[in-house]
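Below are the chains, spelled out letter by letter.
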Amino acid sequence: MLNQPTRAAFAQDFLVDAADGSKVPASGYWPRLSLNEYQLASSESPVRLTRFARVLKESSTAFRGCHISHFPKAVRPYFGDFAVCPYCLAEGFHSVLYSFEGLRVCPAHGTKMERLKNCGSIASDLFINALRNPFGNCPFLQKTLKSAETRIPKRHVGRDSVLGDIASWLMDIESRCWLGRHGAQHVDPLLAFTNRLVHLKTSLGLANAAPNWADVDGNEVVGSTNIDVIRFGSMRVQMGDLVHIDDRRAVRHQIDLNVYGQTIFGDFKSIRRNLERRLLRSRGRHWLGRLTNATENTNIDALLSSGGEQARRAWLLHAWWRNINEREFNPNVGLNIRPMRFAIDAEVPLWVASLRFDNPSHADQDVVHLWIARWISAAGLLGFWHSICEAMKDADATDIESMSKALSATLREPEWGLGISTRGELMLCLDLPAAEKSIS
């Protein structure tokens, strides 16, 4: 390429400024480039894609899905080893989607992808070094790319359609749909992830919820009874109003942790009062008072033995309340306190539309983020109650020590999905058991 720019010139013209206004870190290390111009992660430097496309005399949509950084973080684990279709390469075509786990065969030729696991000479960065052949000395690719035909790409309508459908389906994530499970340490298998997203899109009433490349049935989940759907009132939310915490449009966001602390603890007390009113009759509340004041295991054992089912249920409610107080609202645990965890959960998107209000008081608190965090927290508290009841079904009612130990592993947070419907409704889907639907 003639007149090829240096890295410094490229950075000056096309890279988004860092937070300190610089183009390159003081260390001189050049970070990986990202085609997501709103990316804020310090390990990636966003490209001004619109300007870059204009210089190349291309539409910015031509770069859509051409690099993994264009796709949401939630789906990047499902892009595996560098994969190619040799026949597409011979025709001058390649797509990063060939590395997507959901695409097993080439949509144009029906052949399996060639996965180049150990080719260290293949650059993982889009602009690693334009002066060098990006495929290095890889014999497979050099043999495929040496023909003159690769310089004249051939279009394939069927291939473009399939890849476009996959790209659109993936890019809905974190722009129209969000999936999360607070505190989870592992990545779901692709099939489980796809089923969750299909379920959410079906609940939102979106067309083509079940992709034709995945082995899922969109009709199967429509009548599910273990999902609670909550709508965010009558306010309309548009795509682009909610962004990931790493998005630079959310830099001005402020979260009042005191509001989260007071509100989520208030929700906890409200749920407790509701459970007590629904589950305990006057005699049960009598046993609850006596069990609350009992301090010795022998006294608790005696009360459970004489009080029957009402005393047992009262003790379960008291144990639920005590465990949550000690583990979730104890100020001694610092950042692990429940309101703090939900306030800073990276999976819950931020409502940047609030920053556009002229009245500063409207932007003081992200009401959408708080609404999501409250419902997920409340669902987890109710799920904990339900799991306690399940765990205690076969437990010995007179063995208070074993019953207490059984409670330690029953707290779990729900899987949840958030989405914007075609009418602009914000909907939250929670995976609560039908018998323990959320309590208003």
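Above: the structure in question.
What counts, and where the lines are drawn
Residues numbered from 1 in each chain as written. Predicted model: local features only at pLDDT ≥ 70, side-chain atom pairs only at ≥ 80, totals over all residues. Heavy atoms only, no water. Helix = DSSP H or I, 4+ residues; strand = E, 2+ residues; numbered from the N terminus. Buried < 20%, exposed > 50% of the residue type's maximum accessible area, 1.4 Å probe, protein only. Contact = heavy atoms within 4.5 Å. Phe/Tyr/Trp six-rings, centres within 6.5 Å; stacked < 30°, edge-to-face > 60°. Lys NZ or Arg CZ within 6 Å of the ring centre and 35° of its normal. Patch = residues over 30% accessible without salt bridge, like charges linked within 9 Å, V, L, I, M, F, W, Y side chains within 5 Å. Areas by Shrake-Rupley, 256 points an atom, 1.4 Å probe, with all protein chains shown as cover. Salt bridge = Lys/Arg side-chain N within 4 Å of Asp/Glu carboxyl O. Lys, Arg positive; Asp, Glu negative; His and termini not counted. Charge placed at Lys NZ, Arg CZ, Asp CG, Glu CD. Axes fitted to C-alpha atoms, helices over the stretch in contact; angles between N-to-C directions. Parallel < 35°, antiparallel > 145°, perpendicular 65-115°, else oblique. Nonpolar A, V, L, I, M, F, W, Y, C, P; charged D, E, K, R; others polar. Pairing = 2+ DSSP bridges. Expected span 1.5 Å × (residues − 1). Polar contact = N/O pair within 3.5 Å; in protein donor to acceptor, adjacent residues only side chain to side chain. Core = buried A, V, L, I, M, F, W, Y, C linked by side-chain atoms within 4.5 Å.

**As for the overall build of the chain**
The secondary structure content of the chain amounts to 13 helices and ten strands. Of all 440 residues assigned to the chain, the portion counted as buried reaches 44%. The contacts in the chain between residues at least 6 apart in sequence include a share of 68% that link residues at least 24 apart.

**A word on the packing of aromatic side chains**
Taken as a whole and judged by the stated rule, the model has eleven aromatic pairs. Aromatic pair Phe232 and Trp371: ring centres 4.9 Å apart, planes at 65 degrees, arrangement edge-to-face. Of the two residues, Phe232 sits in the loop between strand S6 (228-231) and strand S7 (242-243) while Trp371 sits in helix H12 (residues 367-391), which places them 139 residues apart along the sequence. What makes Trp371 buried here is its relative accessible area of 13%. Pairing Phe268 with Trp321 gives two aromatic rings, centres 4.6 Å apart and planes at 20 degrees, and the pair type is stacked. Here Trp321 lies in helix H9 (residues 297-328) and Phe268 lies in helix H7 (residues 257-279), a separation of 53 residues in the sequence. Feature note: the residues Phe265, Phe268, Trp320, Trp321, Phe329 and Trp385 constitute an aromatic cluster, connected by ring pairs. Cation over ring: Arg159 sits above Phe93, and NZ or CZ is 3.9 Å from the ring centre.

**Regarding a positive patch on the surface**
A surface patch of positive charge is lined by Lys269, Arg273, Arg277 and Arg278. Summarising the element assignment, Arg273 is placed in helix H7.

**Quick notes on the packing of helix H8 (residues 282-293) against H9**
Following both chains from N to C, one finds H8 and H9 inclined at 100 degrees, their axes separated by 8 Å at the closest point. Our classification of the angle between H8 and H9 gives roughly perpendicular. Facing Arg283, Gly284, Trp287, Leu288, Arg290, Leu291 and Thr292 of H8, the residues of H9 in contact are Ile300, Leu303, Leu304, Ser306, Gly307, Gln310, Ala311, Ala314, Trp315, Leu317 and His318. Of the residues belonging to the contact of H8 with H9, the class tally is ten nonpolar, six polar and two charged.

**Remarks on the sheet that holds strand S9 (residues 415-420)**
With respect to topology, four strands assemble into an open sheet ordered S5-S9-S10-S6, the strand pairing being antiparallel. The open sheet has two edge strands with one neighbour each: strand S5 (177-181) and S6. Taking each pair of neighbouring strands and ignoring which way they run, the sheet shows an average axis angle of 20 degrees. Pairing of S6 with strand S10 (residues 426-430), which is carried by four bridges, proceeds in the antiparallel orientation. The residue of S10 that forms the bridge with Val229 is Cys429. Along the sheet face, helix H6 (residues 190-204) touches S5, S9 and S10 and points at about 130 degrees away from the line of S5.

**Concerning helix H5 (residues 157-171)**
With 15 residues, H5 ought to run about 21 Å at 1.5 Å a step, and its terminal C-alpha atoms sit 21 Å apart, in line with that. On its buried face, H5 sits against helix H3 (86-90) and H6.

**Section: the packing of H7 against H9**
Relative orientation of the contacting elements H7 and H9 amounts to 175 degrees, with a least axis distance of 11 Å. Considered as vectors, H7 and H9 are oriented roughly antiparallel to each other. Where H7 abuts H9, its residues Phe265, Phe268, Lys269, Ile271, Arg272, Leu275, Glu276 and Leu279 lie against Gln310, Arg313, Leu317, Trp320, Trp321, Ile324 and Asn325. Considering only residue class, the contact of H7 with H9 consists of nine nonpolar, two polar and four charged.

**Considerations on the environment of Lys201**
As for its placement among the helices and strands, Lys201 is situated in helix H6. Lys201 gets classed as buried once you look at its relative accessible area, which sits at 3%. When neighbours within four sequence positions are excluded, Lys201 is seen to be in contact with Trp169, Asp172, Cys177, Leu206 and Ala209. A polar side-chain atom of Lys201 sits 2.9 Å from a polar atom in the side chain of Asp172.

**A closer look at the nonpolar core**
Counting 53 residues, the largest nonpolar core has Leu242, Trp320, Leu418 and Leu426 as the members making the most contacts within it. Only H7, H8, H9, helix H10 (338-343), H12, S9 and S10 provide two or more residues apiece to this core. Considering each element in turn, this core owes the most residues, 13 residues, to H12. When residues no more than four places from it in sequence are discounted, the contact partners of Leu242 are Glu174, Trp178, Val237, Pro349, Leu350, Trp351, Val368, Leu418, Ile420 and Leu426. If you look at the next biggest cluster of nonpolar residues, it comprises 36 residues, including Phe71, Ala167, Phe193 and Leu200.

**Topic: the pairing of S5**
Counting buried positions along S5 yields four of five residues, so the element is predominantly enclosed. One ladder, built from five bridges, connects S5 with S9; its direction is antiparallel. Along S9, the bridge assignment pairs Leu179 with Gly417.

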